[in-house]
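Each chain is listed here by its residues.
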Amino acid sequence: MSLLKDFTKGLWKENPVLVLVLGTCPTLAVTSSATNGLGMGLATTFVLVCSNVVISIIAGIVPKKIRIPVYIVVIATFVTIIDLLMKAYSPPELYNALGIFISLIVVNCIVLGRAEAFASKNNPVRSFLDGLGMGLGFTLTLTMTGIIREFLSTGSMFEVKVITGWTVDFLLPSSAPGAFIIVGVLLAGMNYLNLRRAVKQGKVYVPPQGMDCRHCHICDFGDKAGGQD
Amino acid sequence: MKLKETENTVVLGIFLAVIGLIAALALAFISQLTAAPIAAAEQNATNQALQKVLPPFDNQPSANTITVKDPDGREVIFYGALRDGKLVGFAGKGSNPQGYAGAIEGLVGLEADGAVRTVLITRQSETPGLGTVVCDRKEVKTIFTLFKPSDKKEGAVPANRILDQFAGRKAAETPWRVSKDGGEFEFQTGATVTSRAVTALVWSIARAFEQNRAAVEAALGGNK
């Protein structure tokens with residue numbers, strides 16, 4: 001039961017983009033079309049799953065003082081692997097469209113965040129499921145954002161025109177400001193749903209903890225400011 | 001003292017070095033494994049682009065190349081297409097740094113007499129919806145045509161209003177400019193910079209061919 005929860009929490013309850021608000025850079029930058037969002041999400045999922053498993057295995061012997069550099073080396077290795085694999089086997093248009101953002105998965109907060117907050121404290125099986133769930137939650141959000149942006153801007157989905165006769169592109173949704181607006185609306189909608197659900201159950205909605213500054217110890221900012229709650 | 005709690009700088013350094021070494025070995029292995037597929041994929045992309053811009057050929061244009069300078073000193077790679085041992089066309093690959101967002105790379109197919117045949121933009125990072133209208137040759141798929149067999153002719157490329165107007169032109173004709181600058185080429189409203197860059201790119205490749213014609217023909221001519 002708890003294993004299932006490790007997997008499903010990333011999809012909704014602790015969705016990395018819409019609840020934890022991590023990894024917003026690729027979310028805004030590459031989701032101009034549904035295909036790009038899906039490709040980026042799957043690449044990140046691969047890195048997240050692999051790094052989570054490896055880090056949960058080696059976490060027991062990594063000296064505390066240098067754990068962050070070690071995690072970054074592990075993550076960077078898997079990012080380079082997916083970069084090479086995509087260069088060799090993915091459609092060239094997809095690789096060109098994602099471009100630099102594949103390499104930038106290294107600095108994606110979701111990957112390091114899950115390594116520090118989950119994988120380093122849990123066994124490989126749970127870390128694998130956590131990585132898979134978080135990755136798929138990320139992929140779903142990116143693909144959904146991509147579908148909305150692509151549809152609003154060109155009337156197509158996955159590069160197939162759904163509304164024929166939509167010949168002039170609408171530029172706002174496919175540009176960065178439009179991405180901000182759309183992701184903002186999605187965030188608001190997610191918060192509204194969660195709040196309403198909590199109210200119906202007669203509870204107070206508390207966002208998941210563990211990734212805000214009071215609970216994360218990647219830097220010492222939270223330790224300095226913390227304790228006062 | 002346990003490794004996990006150690007603060008000995010030397011031990012920490014060695015640990016990090018070992019991790020780095022393992023990562024480097026893993027990457028070297030993967031890099032070697034993917035080297036051949038990556039080269040094949042790049043080759044494939046070049047070949048597909050060449051097939052689109054050149055008349056039917058029976059040699060390997062990607063292996064039949066010469067690099068020359070265009071009038072502005074930038075490098076242009078010419079590919080020669082042969083059929084039955086005769087030159088039937090050329091493709092020039094060059095780039096122009098004056099796009100709206102960085103360089104624009106293009107492949108221009110030329111007839112044997114130097115007239116432009118087909119223009120293909122191979123790399124760009126222009127504004128989606130404006131600059132890309134100038135650069136993209138994309139087939140518009142709709143839900144109605146999705147499951148129909150395509151009735152596309154062999155070697156045909158999807159139309160593009162801007163790129164298609166260069167077909168049949170020769171470098172020697174009047175300066176190539178967009179109509180806003182007093183030339184005779186149409187431009188895309190909202191993407192004047194991109195239109196200018198693409199026009200300049202095609203012209204520079206055509207001129208590079210015209211200026212180095214003898215050398216290019218001699219190098220790519222095959223067995224006459």
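The rules behind these values
- Residues numbered from 1 in each chain as written.
- Chains lettered and ligands numbered in written order.
- Predicted model: local features only at pLDDT ≥ 70, side-chain atom pairs only at ≥ 80, totals over all residues.
- Domains from an automatic or database assignment.
- Contact = placed C-beta atoms within 7 Å.
- Nonpolar A, V, L, I, M, F, W, Y, C, P; charged D, E, K, R; others polar.
- Axes fitted to C-alpha atoms, helices over the stretch in contact; angles between N-to-C directions.
- Helix = DSSP H or I, 4+ residues; strand = E, 2+ residues; numbered from the N terminus.
- Parallel < 35°, antiparallel > 145°, perpendicular 65-115°, else oblique.
- Left-handed = near helix turned anticlockwise from the far one by under 90°.
- Pairing = 2+ DSSP bridges.

Residues and elements named next belong to chain B. Under the domain assignment, chain B is made up of domain 1 (3-50) and domain 2 (54-220). The centre of domain 1, based on its C-alpha atoms, is set 37 Å off from the matching centre of domain 2. Each side of the interface is counted separately: domain 1 has five residues, and domain 2 has eight residues. Tallied by class, the residues present in the side of domain 1 that touches domain 2 amount to two nonpolar, three polar and no charged.

Turning to the packing of helix α3 (residues 34-58) of chain A against helix α8 (residues 124-154) of chain A, a few remarks are in order. All names here are of chain A. The geometry of α3 relative to α8 is characterised by a closest axis approach of 8 Å and an angle of 165° between their N-to-C directions. Between α3 and α8, the angle falls in the class roughly antiparallel. Crossing angle aside, the handedness with which α3 passes α8 is right-handed. Tallied by class, residues from the contact of α3 with α8 come to 16 nonpolar, 14 polar and two charged.

Before going further, it helps to examine the pairing of strand β2 (residues 75-83) of chain B. Residue and element names in this part refer to chain B. Here five bridges tie strand β1 (residues 65-69) to β2, and the two strands are oriented antiparallel to one another. Among the inter-strand pairings, Lys69 is bridged to a residue of β2, identified as Glu75. Pairing analysis gives seven bridges linking β2 to strand β3 (residues 86-99), with the strands arranged antiparallel. Directly across from Phe78, in β3, lies its bridge partner Gly92. Remark: two residues form the turn of the hairpin made by β2 and β3, two consecutive strands paired antiparallel; Asp84 in that turn has positive phi of roughly 50°.

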